[in-house]
Amino acid sequence: MALGSGLQVWSEKVATKQKALQEVAAGKASVEEEKQQQQQAAGVVVPSFFLCPISLELMRDPVTLSTGMTYDRASIEKWLGFGNNTCPTTNQVLESDEMIPNHTLRRLIQSWCEKNQAYGVERIPTPKALLESDEVRGLLHAIAGCPERDVVKQLWRLAKECEHNRKCIAQAGAVPILAAAIGTLGMAMDMDMETCSDALGVISLLQLNDGDKKALANPKTLSSLSLLLLTHGSSHLDAKINTANILLALCEYDPHLKGAVGELPGAIKGLLKLLKEEDLYPRAITASLRCLLSLCLPRRNRVLAIDHRAISIVVELLPNTEKRNKELCFALLELLASCAEGREAISNSHLAIPMIVKSMLGVSHRATEHAVATLWVVLSYASNRSVINTALQAGAFTNLLMLLPSECSQRAKLKARDCLKLLNEVWGSYTCRPADDFGMSNKRNHVFATELV
């Protein structure tokens, strides 16, 4: 009863938070709508050549490519950052990725904005000067000597400005220096969380090569990252999310690192703690679940996660998280159920089986597949009647039957049939059945299932 009450309070707090965010978003949207209506009433039309061909929005920093086409810098940098080497408009292969600032067009746009300020058109800010290699090297030299907070923060500020800056920082060899700095900070008696957070912010914005990942896999750096995950409160939430994403990248880069990361004192415990943040931030939950799915492939790590109450934490998370994270939750449950400790934890949880049965339908085909596979493996190895009784009481028989003619995957249907066989074999021998109100329905289902399996 206490757990149910706690979940209800938790759900109410999340709902209140979401409502407040929706009200803020609605307020901003209404302001934008008011501006648009004001501009439309005054007949203000943005000249077409002021609009970026990619974003179709007013260009703030127009740049021209080797093909002669002009785009907003942020849009074309994003396009090139995805690995494209062509001009989006002409589809010509670019001779170089050099971007020449179009000062003339920018002055025209600025002049037009100033003339229409009375109608809600905002003046575009002057673009900042692009970062030079010498400046980056100077900052990195200072960080390598002694990672001062102001210097690391300045580097992070520059990395956030534009893709050009990020390329410049990466090419200067920033990641190994920042990784060493994080390792050094973690060894201090009083870990400088702000500096670590800013360093991780820079790393998260860069494309990591094999050398960068090798530097981040340094034992001192990994130890610092695990300690960061254990910090209390949501003040360093972005740093924790970046840490989870970095650990995932490292585990995918070198599978042998999964064992080393799992042995760190706070890695798995910290990732599970991230799933219990009071405000249930979707980004944090996604990062943690994805990292846990990779990290828990070795059996030893699965057992460690289960020892840290992973089953209960994931099950309690399910009612209040979004669809994509529900899918990740069920994928993790299936993985944890592949070992005896995980199946025992699911069987002993009074919420796990009912939640799995309930979520077979209505979430997504992927969630259905993981949920049915988890139920099948738990029922297959069940050592007592209470597990099957719990599944029957939760409506497993009916839900499994409904899956057979549905559009779910073949794997889900095969597992559903196997579950029905297990339930059908013992249906008559169990005294604990679903409510009498559904007795006739259950008898029909039993007969139908007998014919199917």
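Residues numbered from 1 in each chain as written. Predicted model: local features only at pLDDT ≥ 70, side-chain atom pairs only at ≥ 80, totals over all residues. Heavy atoms only, no water.

## Points about the overall build of the protein chain
In plain terms, the rule: Put simply, DSSP H or I for four residues or longer makes a helix, DSSP E for two residues or longer makes a strand, and each gets a number counted from the N terminus. Under the scheme applied here, a residue whose accessible area is under 20% of the maximum for its type counts as buried, over 50% as exposed, and between as partly exposed, the area being computed with a 1.4 Å probe on protein chains only. Only the protein chains shown count as cover for residues, with accessible areas throughout obtained via the Shrake-Rupley method and a probe of 1.4 Å.
When helices and strands are tallied, the protein chain shows 24 helices and three strands. The buried share of the protein chain, taken over its 453 residues, is 45%. On the protein chain, roughly 23,500 Å² of surface is accessible, and the fraction owed to carbon and sulfur atoms is 53%.

## Regarding the nonpolar core
Burial of nonpolar side chains together is a common tendency in soluble globular proteins. We count it as follows: Definition used in this section: a nonpolar core is a set of buried Ala, Val, Leu, Ile, Met, Phe, Trp, Tyr and Cys residues joined via side-chain atoms within 4.5 Å. Only heavy atoms enter the contact rule, under which two residues are in contact if any of them lie within 4.5 Å.
Ranked by size, the top nonpolar core spans 109 residues in total, and within it I169, L275, L375 and L400 carry the most contacts. Counting residues per element, this core draws most heavily on helix α11 (residues 237–253), at nine residues. The contacts of L400, once residues within four sequence positions are left out, are M360, V372, L375, A416, C419, L420 and L423. Core analysis: the second largest hydrophobic core is formed by 18 residues, V44, V63, Y71 and I76 among them.

## Structural notes on the packing of helix α20 (residues 365–380) against helix α21 (residues 385–393)
So the rule is basically this: For every element, the axis is a line fit to its C-alpha atoms; helices are fit only across the contacting stretch, and the angle between N-to-C directions ranges from 0 to 180 degrees. Under the convention adopted here, Pro, Cys and the residues Ala, Val, Leu, Ile, Met, Phe, Trp and Tyr are nonpolar, Asp, Glu, Lys and Arg are charged, and Gly plus all remaining residues are polar.
For the pair α20 and α21, the least separation of the axes is 9 Å and the interaxial angle reads 145°. Touching L375, V378 and L379 of α20 are V387, I388 and A391, all from α21. Here the residues of the contact of α20 with α21 sort into six nonpolar, no polar and no charged.

## Quick look at the pattern of salt bridges
Which entries qualify depends on this criterion: By definition, a salt bridge exists where a carboxyl oxygen of Asp or Glu is found within 4 Å of a side-chain nitrogen of Lys or Arg.
For the structure on display, the rule yields 13 salt bridges. Note that R123 and E114 form a salt bridge whose closest N and O atoms lie 3.0 Å from each other. On the basis of relative accessible area, E114 is assigned to the partly exposed category, the value being 37%. Between E369 and R411 there is a salt bridge, and its shortest N-O distance comes to 3.1 Å. Of the two residues, E369 sits in helix α20 while R411 sits in helix α23 (residues 410–426), which places them 42 residues apart along the sequence. A cluster of three or more residues bridged by salt bridges with shared partners is formed by E334, E369 and R411.

## Some points on the layout of surface pockets
For clarity, the threshold we go by: Cavity and pocket criteria rest on a 1 Å grid covering protein atoms alone: a 1.4 Å probe that fits but cannot get out defines a cavity, protein on both sides within 12 Å along at least 5 of 7 lines defines an open pocket, and an atom within 4 Å of a point defines a lining residue. Grid points are joined across faces, edges and corners, and a volume is the space filled by probe spheres set on the points.
There is about 1,100 Å³ of room inside the largest pocket. In terms of lining, the largest pocket is formed by 45 residues, of which the most central are E161, C162, E163, R166 and L205. Looking at the lining of the largest pocket, the elements that each hand over two or more residues are α2 (73–81), α5 (149–161), α6 (163–171), α8 (193–204) and α11. Among the residues forming the lining of the largest pocket, the class breakdown is 17 nonpolar, twelve polar and 16 charged.

## As for the sheet that holds strand β2 (residues 70–72)
Convention followed: At least two DSSP bridges between two strands are needed for those strands to be called paired.
The three strands are arranged β2-β1-β3 in an open sheet whose pairing can be described as antiparallel. Each of the sheet's edge strands pairs with one partner strand only, and the pair in question is β2 and β3 (100–101). Here strand β1 (residues 62–64) pairs with β3 via two bridges, running antiparallel. Within the sheet, the bridge partner assigned to V63 lies in β3 and is P101. Against the sheet, α2 engages β1, β2 and β3, with an angle of about 95° to β2.

## Quick look at the packing of aromatic side chains
Applicable threshold: For Phe, Tyr and Trp, where Trp contributes only its six-membered ring, two rings pair if their centres lie within 6.5 Å, and the inter-plane angle classes them as stacked under 30 degrees, edge-to-face over 60, or tilted in between. Charge-over-ring contacts are defined here by two conditions on Lys NZ or Arg CZ: a distance within 6 Å of the ring centre and an angle within 35 degrees of the ring normal.
The full count for this structure, using the stated rule, is two aromatic pairs. Ring geometry for F49 and F50: centres 4.8 Å apart, planes at 75°, overall edge-to-face. Between F50 and W112, the aromatic rings sit 6.1 Å apart at their centres with planes inclined by 75°, giving edge-to-face as the arrangement. Here the residue F50 occupies a position in the loop between α1 (2–41) and β1, and W112 occupies one in helix α3 (residues 103–115), the gap between them amounting to 62 residues. Since its relative accessible area comes to 4%, F50 is described here as buried. The exposure class assigned to W112 is buried, which follows from its relative accessible area of 14%. An aromatic cluster of at least three residues, connected via ring pairs, comprises F49, F50 and W112. Just above the ring of Y381 sits the side chain of R343; from NZ or CZ to the centre is 4.1 Å. Across the ring face of W376, the terminal group of K415 is positioned such that the distance to the ring centre comes to 3.6 Å.

## With respect to the confidence of the model for the protein chain
Selection rule: Each residue carries a pLDDT value, the predictor's own confidence for that position, ranging from 0 to 100.
Taken over all residues, the pLDDT of the protein chain has a mean of 84, while the share at 70 or more is 83%. By mean pLDDT, the top-scoring element of the protein chain is helix α17 (residues 323–336) (96), and the lowest-scoring one is helix α24 (residues 439–452) (46). A low-confidence stretch, residues 430–444 stays under pLDDT 50, and its non-local contacts, those more than four residues away or across chains, total 14 contacts. Predicted confidence for residues 446–451 stays below pLDDT 50, and this span has eight contacts to residues more than four positions away or in other chains.

## Looking at the side chain of S364
Cut-off, in case you're wondering: We call two N or O atoms a polar contact when they sit within 3.5 Å, provided that within protein one can donate a hydrogen and the other can accept it, with sequence-adjacent residues counted only if both atoms are side-chain atoms.
Among the structural elements, S364 can be located in the loop between α19 (352–358) and α20. For S364, a relative accessible area of 15% gives the class buried. In terms of polar contacts, S364 uses its side chain to reach the side chain of E327, at 2.6 Å. Looking at S364, its side chain comes within polar contact range of the main-chain nitrogen of A367, at 3.1 Å. Ignoring anything within four residues of it in the chain, the contact list for S364 reads K323 and E327.

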